[in-house]
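Residues per chain are reported as follows:
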Amino acid sequence: MTSREPTLSVVVPIYNEESVLPLLVERLRPALDGLGEPYEVVAVDDGSTDATPVVLVGMRRGWPQLRVVRLRRNSGHQAALTAGLFRARGDYVASIDADLQDPPEVIVEMLRLARAEGLDIVYGVRADRSTDTRFKRSTAGLYYRLVRRLVGSAVPAQAGDFRLLSRATVEALRELPERRPVLRLVVPWLGFPSGEVSYVRQARAAGSTKYSLSRMIRLATDSIISFSEAPLRVATWLGAGGMLLCLVMVAFAVVMYLRDSTVTGWASLYVAVLFLGAVQLLCLGLLGEYIARIYAAVQGRPAYFVGSDSAEPVEDLPPLAEAPPRAGRRPAPPAARDSAGPASRDGGVRTVR
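Residues take numbers from 1 onward in each chain, read along the sequence in its written order. Residues qualify for local features only when their pLDDT is at least 70, as the model is predicted, and side-chain atom pairs are given and counted only at 80 or more; totals for whole chains, interfaces and linings, by contrast, use all residues. Excluded from the side-chain calculation are hydrogens and water; included are all heavy atoms of the structure.

Considering the overall build of the protein
And step 1. Every helix listed is a DSSP run of H or I at least four residues long, and every strand listed is a run of E at least two residues long, numbered separately from the N terminus. Of regular secondary structure, the protein possesses 11 helices and 10 strands.
And step 2. Under the scheme applied here, a residue whose accessible area is under 20% of the maximum for its type counts as buried, over 50% as exposed, and between as partly exposed, the area being computed with a 1.4 Å probe on protein chains only. A total of 353 residues make up the protein; the buried ones form 39% of that total.
And step 3. We call two residues in contact whenever any of their non-hydrogen atoms come within 4.5 Å of each other. Excluding contacts between residues fewer than 6 apart, the proportion of contacts in the protein whose partners are at least 24 apart in sequence is 81%.
And step 4. When the accessible surface of the protein is totalled, it reaches about 20300 Å², and 60% of it is carbon and sulfur. Calculation of accessible area relied on Shrake-Rupley with a 1.4 Å probe; when residues are assessed, cover is drawn exclusively from the protein chains displayed.

Dropping the structure here:
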């Protein structure tokens, strides 16, 4: 690592990407070396189970600007990205995925635009997504339209987690109380001066995507519920609509009774019970989603635990002071003293076993 503080930090969340890492270095390192300024690459290993940790250690030997942060368990893409942002030391912090669908060369263009126009945020906007599947394009378009309608037009369309942030923006994110923020919504919400750089989204360089359909649905759910009370209003409107429908049915029943035209039937009753039951369950489910987030906030559990950081070398611990033996008593053997509770260093924190 360079002795000077880096001008640019590049955060790369990684999970089981052993096959694509060499290709990432081939493109990312020349682009950053061409800046002629000190930089660092913060590779956040999100608890990978393949050879990713070994590959990162080997790469760091030949790339002193590479910094490896390893999380103790798989905490998710947004948590790994947040961990990297908060540990980055550069005046500007860029984030990019390791799959090379977002071109690393655009980071240099983002930095130039931020400096030229005094911007705190520069978004990478996908101008062409033809390499994605039709299902991916359609669901992504639906997601951005829904989010922009609920959250506001400040959320740039077709902008994911490929962005550049100033140090002031990162510190503002650090001050927020949210433990699991959806950064693609929180960052625009800050309202800092921003710009956009368009690029063509490329096909994945190697490996397979780690963002399954269930994870995409979860991201959409977190985005909507974390940033909008609209689902609660939907429940209110459904309740109001169900009440009006019941009033209409009551009026209809009274009219039929006065006309002596009532007939015994189960279809209308069956449909009414099913409709009201569905509305009630939907409302309870929406309330449950918000209550679950309140419960998680009250628990206060961290979103991730950092196991190691190559930029923080472990220092030798001072020897433990031993009490002098009492008169007439022989000192305990070394094995006995060790079993009494030696101190060790675990993940940069001194613990006692």
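And the narrative resumes.
So, helix α1 (residues 21-33)
And step 1. A helix's residues, less one, multiplied by 1.5 Å, set its expected span. Its 13 residues give α1 an end-to-end C-alpha distance of 17 Å, which sits within 8% of 18 Å, the value for a rise of 1.5 Å per residue.
And step 2. Buried within α1 we find L21, L24, L28, A31 and L32.
And step 3. Buried residues in α1 make contact with β1 (8-14), β2 (39-45), α2 (52-62) and α4 (106-117).

Section: a nonpolar patch on the surface
And step 1. Here the term patch refers to residues with relative accessible area over 30% and no salt bridge, with like charges joined within 9 Å and nonpolar side chains (Val, Leu, Ile, Met, Phe, Trp, Tyr) within 5 Å. Any Lys or Arg side-chain nitrogen found within 4 Å of a carboxyl oxygen on Asp or Glu counts as a salt bridge. Taken together, the side chains of L245, M249, F275 and L276 make up a nonpolar region of the molecular surface, amounting to roughly 300 Å² of accessible area.
And step 2. Broken down by secondary-structure element, the contributors of at least two residues to the nonpolar patch are α9 (230-258) and α10 (267-299).
And step 3. With respect to the helices and strands, the residue F275 is situated in helix α10.

A few points about the packing of α1 against α2
And step 1. Lines fitted to the C-alpha atoms define the axes, with helices restricted to the stretch that makes contact. Angles between their N-to-C directions range from 0 to 180 degrees. Interaxial distance between α1 and α2 falls to 11 Å at its minimum, and their mutual angle equals 30°. On the basis of their axis angle, the class for α1 and α2 is roughly parallel. Viewed along their axes, α1 and α2 form a crossing whose handedness is right-handed. Between α1, through L21, P22, V25 and R29, and α2, the contact on the second element is made entirely by T52, V55, L56, M59 and G62.
And step 2. Any residue outside Ala, Val, Leu, Ile, Met, Phe, Trp, Tyr, Cys, Pro, Asp, Glu, Lys and Arg is labelled polar, Gly included; the first ten of those are nonpolar and the last four are charged. Here the contact of α1 with α2 is composed, by residue class, of 6 nonpolar, 2 polar and 1 charged. An angle below 35 degrees is read as roughly parallel, one above 145 as roughly antiparallel, one from 65 to 115 as roughly perpendicular, and any other as oblique. Two helices crossing with the near one rotated counterclockwise from the far one by less than a right angle form a left-handed crossing, whereas a clockwise rotation gives a right-handed crossing.

Side note on the side chain of R163
And step 1. Tracing the chain through its elements places R163 in strand β6 (residues 159-166).
And step 2. By relative accessible area, R163 is classed as buried at 1%.
And step 3. Here the side chain of R163 touches G160 through a polar contact of 3.0 Å, landing on its backbone oxygen. Identification of polar contacts relies on pairs of N or O atoms within 3.5 Å, with a donor-acceptor requirement for protein atoms, meaning one able to donate a hydrogen and the other able to accept it, and with residues adjacent in sequence counted only if both atoms are side-chain atoms.

Quick look at the pattern of salt bridges
And step 1. Evaluated as defined, the whole model comprises 14 salt bridges.
And step 2. Of the charged contacts, one joins R201 and D102 as a salt bridge, the two residues approaching to 3.2 Å between their closest N and O atoms. Taken as a pair, R201 in the loop between β7 (194-200) and α8 (213-227) and D102 in the loop between β4 (92-95) and α4 lie far apart in primary sequence, 99 residues in all. One exposure class covers both R201 and D102, and it is buried.
And step 3. One salt bridge in this structure joins D161 and R163, with 3.0 Å as the shortest N-O distance. For the residue pair D161 and R163, the accessibility class agrees, reading buried in each case.
And step 4. The structure contains a network of salt bridges with shared partners spanning E40, R67, R87, R89, D309 and E312.

Digging into the environment of D102
And step 1. Exposure remark for D102: the relative accessible area of 3% places this residue in the buried category.
And step 2. The sequence separation of D102 and Y199 amounts to 97 residues, and the corresponding C-alpha distance is 8.0 Å.
And step 3. Beyond its immediate sequence surroundings of up to four residues, D102 is in contact with I96, R126, F162, Y199 and R201.
And step 4. In terms of polar contacts, D102 uses its side chain to reach the side chain of Y199, at 2.7 Å.

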